[in-house]
Amino acid sequence: MWLWDVGMPIGNLTSQLFANIYLNELDQYAKHQLHVRRYIRYMDDIVILSDSKKELAEIRASIEEFLFTELHLSLNKKTTIRPVSLGIDFVGYQMWATHRKLKKQTARRIIRHVTNMCEMMAQGELSVEAFQRAASSYSGIFRYCNSYGLRKELNRIYKERYLSVAHADEYAPEEPETAAPAAEPAERRCYFCEHYYEDRFCGYDAAACRIHGSLDAGQKERHPDTAAADCAEFSPITATKEGGERGGR
């Protein structure tokens, strides 16, 4: 039906590439004819910033006419003019000057998807490997926004809908973290570095460094057992004023 209707199908890698190429004409029009200074685009997601609401309305009208006459496209109903204090919707995130969050509808969709996957996994209808691949993908999304509350909720769903059902005999609540041992075995230095931490999400444990990023061997990157052997930024966990040790996880 896309042969006769107005619009562009998106959702796979080729359509993303084609969208970026096809809308290059709009980029050239916006920059060289409309002289828009603050113009950002990825695929069909466009952000234009200005101090004047009137100027934005004029730019929108010009772009709408150009898209229809030159590229046979139309703006969708989500195209709006609003103050930046409400946040800027772009590539799946809602952005402010100080932080980024997932859009609420995206967060609700992820919660529903993870809940369904956990129930299917508990019933043996979904493999653990398939679930971990999805969890790893979501973890990549959460890495670029403020997502602590959402990750905590997904961990709760994972434990209640999968662990407590499929592993009822083995499952026990996680014990609180204890202080790291004083010893520093050379082959495991990363674990005793103040920059080291573990990002747990739906059963997917990712080792990471606050300076170097992921240390997860499963992602074909550095392994925490040996990564700090020649690390110039290695900083051992230091004692606190109370005399105890501060954990770096």
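Position numbers for residues count from 1 along each chain, tracking the sequence in the order it is written. Residue-level local features of this predicted model are given only where pLDDT is at least 70; pairs of side-chain atoms are given and counted only at 80 or more, and the full residue set underlies all totals for whole chains, interfaces and linings. Side-chain numbers here rest on the full set of heavy atoms in the structure, without hydrogens or water.

## Examining a positive patch on the surface
Moving on, step 1. Here, patches come from residues exposed beyond 30% relative accessible area and free of salt bridges, joined within 9 Å for like charges and within 5 Å for nonpolar side chains (Val, Leu, Ile, Met, Phe, Trp, Tyr). Here the accessible surface of atoms and residues is derived via Shrake-Rupley with a 1.4 Å probe, and residues count as covered only by protein chains that are part of the display. Note on definitions: salt bridges are taken to be side-chain nitrogens of Lys or Arg within 4 Å of carboxyl oxygens of Asp or Glu. A residue counts as positive if it is Lys or Arg and as negative if it is Asp or Glu; His and the chain ends are not included. Where a charge lies is defined by one atom per residue type: Lys uses NZ, Arg uses CZ, Asp uses CG and Glu uses CD. Taken together, the side chains of Lys101, Lys104, Arg108, Arg109 and Arg112 make up a positively charged region of the molecular surface.
Moving on, step 2. To qualify as a helix, a DSSP run of H or I must reach at least 4 residues; to qualify as a strand, a run of E must reach at least 2; elements of each kind are numbered from the N terminus. No other element matches the four residues that helix α4 (residues 104–122) contributes to the positive patch.
Moving on, step 3. Considering the arrangement of structural elements, one finds Arg108 in helix α4.

## Structural notes on the packing of aromatic side chains
For any pair of aromatic rings, the description rests on two quantities: the centre-to-centre distance and the angle between the ring planes.
Moving on, step 1. Stacked, tilted and edge-to-face are the three classes applied to pairs of Phe, Tyr and Trp rings, where Trp contributes its six-membered ring and a pair requires centres within 6.5 Å; stacked means planes under 30 degrees apart, edge-to-face means over 60, and tilted covers the rest. Scanning the model with the defined rule gives five aromatic pairs in all.
Moving on, step 2. Relative to Tyr158, the ring of Phe131 has its centre 5.6 Å away and its plane inclined at 20°; by these criteria the two rings are stacked. Taken as a pair, Phe131 in helix α5 (residues 128–142) and Tyr158 in helix α6 (residues 148–166) lie far apart in primary sequence, 27 residues in all.
Moving on, step 3. Each residue's exposure class comes from its accessible area (1.4 Å probe, protein chains only) as a fraction of the maximum for that residue type: buried when under 20%, exposed when over 50%, partly exposed otherwise. You can call Phe131 buried: its relative accessible area is 2%.
Moving on, step 4. Ring plane angle 65° and centroid distance 5.1 Å describe the contact between Tyr191 and Tyr196, whose orientation is recorded as edge-to-face. Here Tyr191 matches Tyr196 in class, with each residue buried.

## Re the nonpolar core
Moving on, step 1. Buried Ala, Val, Leu, Ile, Met, Phe, Trp, Tyr and Cys residues form a nonpolar core when they are joined through side-chain atoms within 4.5 Å. Counting residues in each nonpolar core, the largest one holds 22 residues, and the members touching the most others are Val114, Phe131, Phe142, Leu154, Tyr158 and Cys202.
Moving on, step 2. Those elements that provide at least two residues to this core are α4, α5 and α6.

## A word on α4
Moving on, step 1. Expected span of a helix: the number of residues minus one, times 1.5 Å. An ideal rise of 1.5 Å per residue puts 27 Å on 19 residues; α4 measures up with 27 Å between its terminal C-alpha atoms.
Moving on, step 2. Regarding α4, the residues found buried are Thr106, Ala107, Ile110, Val114, Thr115, Met117, Cys118 and Met121.
Moving on, step 3. The contact definition used throughout considers only heavy atoms, calling two residues in contact when any of these lie within 4.5 Å. Packed against the buried residues of α4 are β5 (100–102), α5 and α6.
Moving on, step 4. Positive backbone phi, at 80°, marks Gly124, one or two positions downstream of α4.

## A short note on a nonpolar patch on the surface
Moving on, step 1. The grouping of Leu17, Phe18 and Ile21 at the surface amounts to a nonpolar patch, some 330 Å² of accessible area in total.
Moving on, step 2. Relative to the assigned elements, Phe18 resides in helix α1 (residues 13–22).
Moving on, step 3. For Phe18, a relative accessible area of 53% puts it in the exposed group.

## Brief notes about the pattern of salt bridges
Moving on, step 1. Applying the stated criterion across every chain, the model contains five salt bridges.
Moving on, step 2. In this structure, Arg41 engages Asp27 in a salt bridge whose closest nitrogen and oxygen atoms are separated by 2.7 Å. With Arg41 in strand β1 (residues 38–42) and Asp27 in helix α2 (residues 24–32), the pair connects residues that are 14 residues apart, well separated along the chain.
Moving on, step 3. Residue class for Arg41 comes out buried when judged on its relative accessible area of 17%.
Moving on, step 4. For Asp27, a relative accessible area of 16% corresponds to the buried category.
Moving on, step 5. The partner of Asp89 in a salt bridge is Arg82, and the shortest N-O contact between them spans 3.2 Å.
Moving on, step 6. Owing to a relative accessible area of 32%, Asp89 belongs among the partly exposed residues under this scheme.
Moving on, step 7. Salt bridges sharing common partners tie together Glu153, Arg156 and Glu160.

## A few points about the state of the cysteines
Moving on, step 1. Sulfur atoms of two cysteines make up a disulfide when they are within 2.5 Å. One pass over the full model with this rule turns up zero disulfides.
Moving on, step 2. The thiol sulfur of Cys231 is not disulfide-bonded, and the nearest other cysteine sulfur, from Cys209, lies at 6.0 Å.
Moving on, step 3. According to the relative accessible area criterion, Cys231 is buried, its value standing at 18%.

## Observations regarding the packing of α4 against α6
Moving on, step 1. Axis definition: a line fit to C-alpha positions, over the contact stretch in the case of helices; interaxial angles, taken between N-to-C directions, run 0 to 180 degrees. Between α4 and α6, whose axes approach to 8 Å, the crossing angle comes to 15°. Between α4 and α6, the interaxial angle falls into the category roughly parallel. The handedness of the crossing between α4 and α6 comes out as right-handed. Residues Ala107, Ile110, Ile111, Val114, Thr115, Cys118, Glu119, Met121 and Ala122 of α4 lie in contact with α6, whose contacting residues are Leu150, Glu153, Leu154, Ile157, Tyr158, Arg161, Tyr162, Val165 and Ala166.
Moving on, step 2. Split into classes, the residues belonging to the contact of α4 with α6 amount to 14 nonpolar, one polar and three charged. The scheme is simple: roughly parallel for angles under 35 degrees, roughly antiparallel for over 145, roughly perpendicular for 65 to 115, oblique for anything else. We call a crossing left-handed when the near helix sits turned anticlockwise from the far one by less than a right angle, and right-handed when that turn is clockwise. Polar here means any residue outside two lists: the nonpolar Ala, Val, Leu, Ile, Met, Phe, Trp, Tyr, Cys and Pro, and the charged Asp, Glu, Lys and Arg; Gly therefore counts as polar.

## With respect to the sheet that holds strand β4 (residues 93–95)
Moving on, step 1. With antiparallel pairing, the three strands of this open sheet are ordered in space as β3-β4-β5. Since the sheet does not close on itself, it has two edges, and those belong to β3 (88–90) and β5, each with one partner. Neighbour to neighbour, the strand axes of the sheet diverge by 30° on average, direction disregarded. Pairing between strands is defined by DSSP: at least two bridges between the two strands are required.

The values reported here are purely geometric and, on their own, carry no functional implication.
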